[in-house]
There are 2 protein chains.
Amino acid sequence: MELRKIFSENKHILLYGAGLALLLFLLKWLELRFVIFDHALEVYVGAIALIFTGLGIWLALKLTKPKVERVVVEKEIYIEKSRDFVFNETEMNRLGISKRELEVLQLMAQGFSNAEIAERLFVSLNTIKTHASNLFFKLDASRRTQAIEKAKSLALIP
Amino acid sequence: MELRKIFSENKHILLYGAGLALLLFLLKWLELRFVIFDHALEVYVGAIALIFTGLGIWLALKLTKPKVERVVVEKEIYIEKSRDFVFNETEMNRLGISKRELEVLQLMAQGFSNAEIAERLFVSLNTIKTHASNLFFKLDASRRTQAIEKAKSLALIP
DNA sequence: TTTCCGTTCATACTTTCGGGCGATTTTGGA
DNA sequence: TCCAAAATCGCCCGAAAGTATGAACGGAAA
């Protein structure tokens, strides 16, 4: 359950710990057998240092998260514009545009001002502004004229 | 001359070596003073291991080039295939729309702001505003979106 | 040459848009 | 029944759009 997840996420650290423990046991064992450190403490310590430096380097390499660099590749999609308009519901769903937003979009494309749209839909001007803002975001536009252009090319409006 | 270059290029490695040497001297000195390792070899070795692990990590972080993970993001660009557009010159003459005004109208329909249009046509913002106002009057519109709608229906723009 | 017209630009002002918050209420499904 | 998404509305502020008016300049037609 959780255990496996914890292990896999901290695999390197756990391996490091295990390695360290193992080494310590090995040293203890060596200590009992020979009296290495009596003669050559420097060599001994140097070896330890080297080994753990290596381990540290290995740890660092494994644990550092790579920087994510985003490369934007532009993909061109051609769209046929036909006079017999077929509403592209797929695109609407893909962009997450709601029914109400579509209504606002349609009226916007017909040249109505926000105030006029508000009047027509019996809601406040602020509401229309919110819908418009959401539309601009979803259509990746910063002006209503842009939004209209894009919506037309996506067959969201005639 | 060369020496300085060599030093700056291998700064981290040299620093590491110096640190190692220093530590070894320190240990030697400690060895002469006390008999630490007699009592607690594990602690001693553990400390060394920890220190050099840290050094290793530091070395690795300093020496290795930062990992970069490339993520390719596809950005879709929709391009409209306008098949058949026949410009209605008659209507343009009837409404008394000038060439320059038509240019502005086209850019407006493409979603450009007045400032952007001004930049593109190498004229001032005020000039574009004047053209726009004249267009609105000639097209009997009071907003750019309206003007665009009307112009499209009159086949002045695709 | 004089008179239009298109083009350019300016200043000053008002209105509309759009961004950036936050907030509450409806509502359609799990 | 409960939740998330949708819809609603508000406020503030700055940017953009649009209105009004005047003016200068050059080319083309009368």
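Use the structure listed above.
Procedures and definitions
- Residues numbered from 1 in each chain as written.
- Chains lettered and ligands numbered in written order.
- Predicted model: local features only at pLDDT ≥ 70, side-chain atom pairs only at ≥ 80, totals over all residues.
- Heavy atoms only, no water.
- Helix = DSSP H or I, 4+ residues; strand = E, 2+ residues; numbered from the N terminus.
- Buried < 20%, exposed > 50% of the residue type's maximum accessible area, 1.4 Å probe, protein only.
- Areas by Shrake-Rupley, 256 points an atom, 1.4 Å probe, with all protein chains shown as cover.
- 1 Å grid on protein atoms, 1.4 Å probe; cavity = no way out; pocket = protein on both sides within 12 Å on 5 of 7 lines; lining within 4 Å.
- Points joined across faces, edges and corners; volume = space filled by probe spheres on them.
- Nonpolar A, V, L, I, M, F, W, Y, C, P; charged D, E, K, R; others polar.
- Contact = heavy atoms within 4.5 Å.
- Near = heavy atom within 4 Å.
- Polar contact = N/O pair within 3.5 Å; in protein donor to acceptor, adjacent residues only side chain to side chain.
- Core = buried A, V, L, I, M, F, W, Y, C linked by side-chain atoms within 4.5 Å.
- Expected span 1.5 Å × (residues − 1).
- Arc of directions from axis to C-beta.

Our focus in this paragraph is the overall build of chain A. A tally of regular secondary structure across chain A gives nine helices and one strand. Along the chain direction, N to C, the helices and strands of chain A fall in the order α-α-α-α-β-α-α-α-α-α. Buried positions account for 35% of the 158 residues belonging to chain A. Surface summary for chain A: the accessible area is close to 10,200 Å², and the carbon and sulfur share equals 62%.

This brings us to empty space enclosed by the protein. Counted by the stated rule, this structure contains one cavity of 30 Å³ or more. The wall of the largest cavity is formed by A:Ala109, A:Thr145, A:Ile148, A:Glu149, A:Lys152, B:Ala109, B:Thr145, B:Ile148, B:Glu149 and B:Lys152. Mapped onto the lining of the largest cavity, the elements with two or more residues apiece are helix 9 (144–153) of chain A together with helix 9 (144–153) of chain B. In terms of residue class, the lining of the largest cavity is made up of four nonpolar, two polar and four charged.

In this section: the environment of B:Ala147. Residue and element names in this part refer to chain B. Position of Ala 147 relative to the elements: it lies in helix 9. Sequence spacing of Ala 147 and Ala 109 is 38 residues, and the spatial spacing of their C-alpha atoms is 8.7 Å. Look past the residues within four positions of Ala 147 in its chain and what remains in contact with it is Leu 105, Met 108, Phe 136, Leu 139 and Ala 141.

Let's shift gears to unusual backbone geometry. All names here are of chain B. For Phe 122, which is not glycine, the phi torsion reads 55° and is therefore positive. Residue class for Phe 122 comes out exposed when judged on its relative accessible area of 77%. Phi at Ala 155 is positive, roughly 60°, even though this residue is not glycine. Looking at where Ala 155 falls in the secondary structure, it is placed in the segment after helix 9. Judged by relative accessible area, Ala 155 falls into the partly exposed class, the value being 22%.

So, about the protein's contact with DNA strand D. With respect to spatial proximity, 17 residues lie near DNA strand D, and among them A:Ser98, A:Val123, A:Ser124, A:Thr127 and B:Arg144 are the closest. The share of sugar and phosphate among atoms of DNA strand D within 4 Å of the protein is 64%. Backbone polar atom of A:Ser124 to a phosphate oxygen of DNA strand D: 2.7 Å apart, as the coordinates give it. The contact in question runs from a phosphate oxygen of DNA strand D to an N or O atom on the backbone of B:Arg144, over 2.8 Å. Breaking the surface near DNA strand D down by element, the ones donating at least two residues are helix 6 (99–109) and helix 8 (125–138) of chain A together with helix 8 (125–138) of chain B. Here the surface near DNA strand D is built from residues that sort into two nonpolar, nine polar and six charged.

Another aspect to go through is the protein's contact with DNA strand C. Taken together, 18 residues are adjacent to DNA strand C, and A:Arg144, B:Ser98, B:Arg100, B:Val123 and B:Ser124 come closest. Atoms of DNA strand C within 4 Å of the protein belong to the sugar or the phosphate in 69% of instances, the rest to bases. Of all the secondary-structure elements, those providing two or more residues to the surface near DNA strand C are helix 8 of chain A together with helix 6 (99–109) and helix 8 of chain B. The element best represented in the surface near DNA strand C is helix 8 of chain B, accounting for four residues. Considering only residue class, the surface near DNA strand C consists of two nonpolar, ten polar and six charged.

Membership of the largest hydrophobic core comes to 26 residues, with the highest contact counts inside it found for A:Ile97, A:Val104, A:Leu105, A:Met108, A:Ile117, A:Leu139 and A:Leu156. Elements with a minimum of two residues in this core: helix 5 (89–95), helix 6, helix 7 (114–121), helix 8 and helix 9 of chain A. Counting residues in each nonpolar core, the second largest holds 24 residues, with B:Ile97, B:Leu107, B:Leu135 and B:Ile157 among its members.

Attention now moves to helix 8 of chain A. Residue and element names in this part refer to chain A. Between its first and last C-alpha, helix 8 extends 20 Å over 14 residues, near the 20 Å set by a 1.5 Å rise per residue. Along helix 8, the residues classified as buried are Ile 128, His 131, Ala 132, Leu 135 and Phe 136. Down the axis of helix 8, the sector holding all buried residues measures 140°, keeping them to one side. Turned more than 90 degrees off the buried face of helix 8, the exposed positions are Asn 126 and Phe 137. Looking at the buried positions of helix 8, the neighbouring elements they touch are helix 6, helix 7 and helix 9. Of the residues that open helix 8, the one with a side-chain oxygen 3.2 Å from the backbone nitrogen of Asn 126 is Ser 124. Directly beyond the C-terminal end of helix 8, a positive phi value near 55° is found at Asp 140.

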